[in-house]
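Here is how the chains run, residue by residue.
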Amino acid sequence: MKSHEVDYKIGGHDIQYVEIELDPNETVIAEAGAMLYMKEGIDFQAKMGDGSEPDKGLFGKLLSAASRKIAGESIFITHFTHRGTGKSHVAFAAPYPGTIVPLELQKLGGSVIVQRDAFLCAALGTKISMHFNRKLGAGFFGGEGFILQKLQGDGRAFIHAGGTLIRHELNNETIRVDTGCVVGFQEGIDFSITQAGNLKSMLLGGEGLFLATLSGTGTVWLQSMPINKLIDQLSPGSSNRNKEGDAGILRNLLES
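Note that the structure is predicted; figures quoted are calculated from it, not measured.

1. So, the nonpolar core
Then, number 1: Core analysis: the biggest nonpolar cluster contains 19 residues, and I29, L103, V112, L151, I159 and W221 have the highest contact counts within it.
Then, number 2: Every element with two or more residues in this core is listed here: β8 (98-104), β9 (111-115), β10 (119-123) and β13 (156-162).
Then, number 3: With three residues, β13 is the single largest residue contributor to this core.
Then, number 4: L22, I42, F80 and F158 belong to the second largest nonpolar core, which has 17 residues in total.

This is how it looks when you write it as structure tokens:
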């Protein structure tokens, strides 16, 4: 299904929003609860499915809904359609401080892999599916990256990055990143989890036990402040807990 051609405007600074301009009968799909405001003529419906395969039967829709549930997302996707005349607008807000990133899927090879909570909205015709990382260590040891989302299509999609967005263009290169800081990457990039260093560095370096490794040629999007780090920093006594944890680990090593 060819994606609808939607125009957009991104506004805001610390917490951004994207306003989508729709012509009559154009539709944009979004995660449940992402809508900020909508103007006259916009009709919305919650559906099981992204609408990219209109002939899909009930069983196929149930499978799609089940896969979204496994990925930790709502089983419903909201469809916003302009039923009036002229042009109208609907806007979607980022869920926490950060940056909204527009993706031109056709220019990116038609497919992008993103973290499961990164998707915000997209033109109707974009297919959203669950993507399993074939390397089980990415999920079992890295804490991130085992269950991802794949966005496919030829139109525009919008994802959200926490904090500042960093875009890297890899040319047969490798980059190592904190596991929670990976927002997305082009299909074809190899994504795996590697050990952060020797035992002392892993336990006392403060960078975690594992790092995400991305290798190949293509675009990688990173975020400077993933939601788990933001929550940890805002939690009362988080610094003290970290220090106490490090002291306990060191004590156990010395006693063993």
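Now that the structure has been shown, the text picks up again.
2. Some points on the packing of aromatic side chains
Then, number 1: Under the definition given, this model contains four aromatic pairs.
Then, number 2: Both rings, one in Y8 and one in F158, keep their centres 5.0 Å apart while their planes meet at 70°; by these two values the pair is edge-to-face. Separated by 150 residues along the polypeptide, Y8 in strand β1 (residues 7-11) and F158 in strand β13 bring together distant segments of the chain.
Then, number 3: One aromatic cluster in this structure is built from F44, F80 and F92.

3. A word on the pattern of salt bridges
Then, number 1: The tally for this structure, following the rule as stated, stands at nine salt bridges.
Then, number 2: For D23, the salt bridge goes to K87, with nearest N and O atoms at 2.6 Å. One end of the pair, D23, is in the loop between β2 (17-22) and β3 (27-31); the other, K87, is in the loop between β6 (77-82) and β7 (88-93), with 64 residues separating them in the sequence.
Then, number 3: Its relative accessible area of 27% is what places D23 among the partly exposed residues.
Then, number 4: As a salt-bridge pair, E169 and R167 come within 2.9 Å of each other at their nearest N and O atoms.
Then, number 5: Here the residues in one salt-bridge network are D7, E104 and R156, joined through shared partners.

Reading the values: the criteria
Residues numbered from 1 in each chain as written. Predicted model: local features only at pLDDT ≥ 70, side-chain atom pairs only at ≥ 80, totals over all residues. Heavy atoms only, no water. Core = buried A, V, L, I, M, F, W, Y, C linked by side-chain atoms within 4.5 Å. Buried < 20%, exposed > 50% of the residue type's maximum accessible area, 1.4 Å probe, protein only. Helix = DSSP H or I, 4+ residues; strand = E, 2+ residues; numbered from the N terminus. Phe/Tyr/Trp six-rings, centres within 6.5 Å; stacked < 30°, edge-to-face > 60°. Salt bridge = Lys/Arg side-chain N within 4 Å of Asp/Glu carboxyl O.

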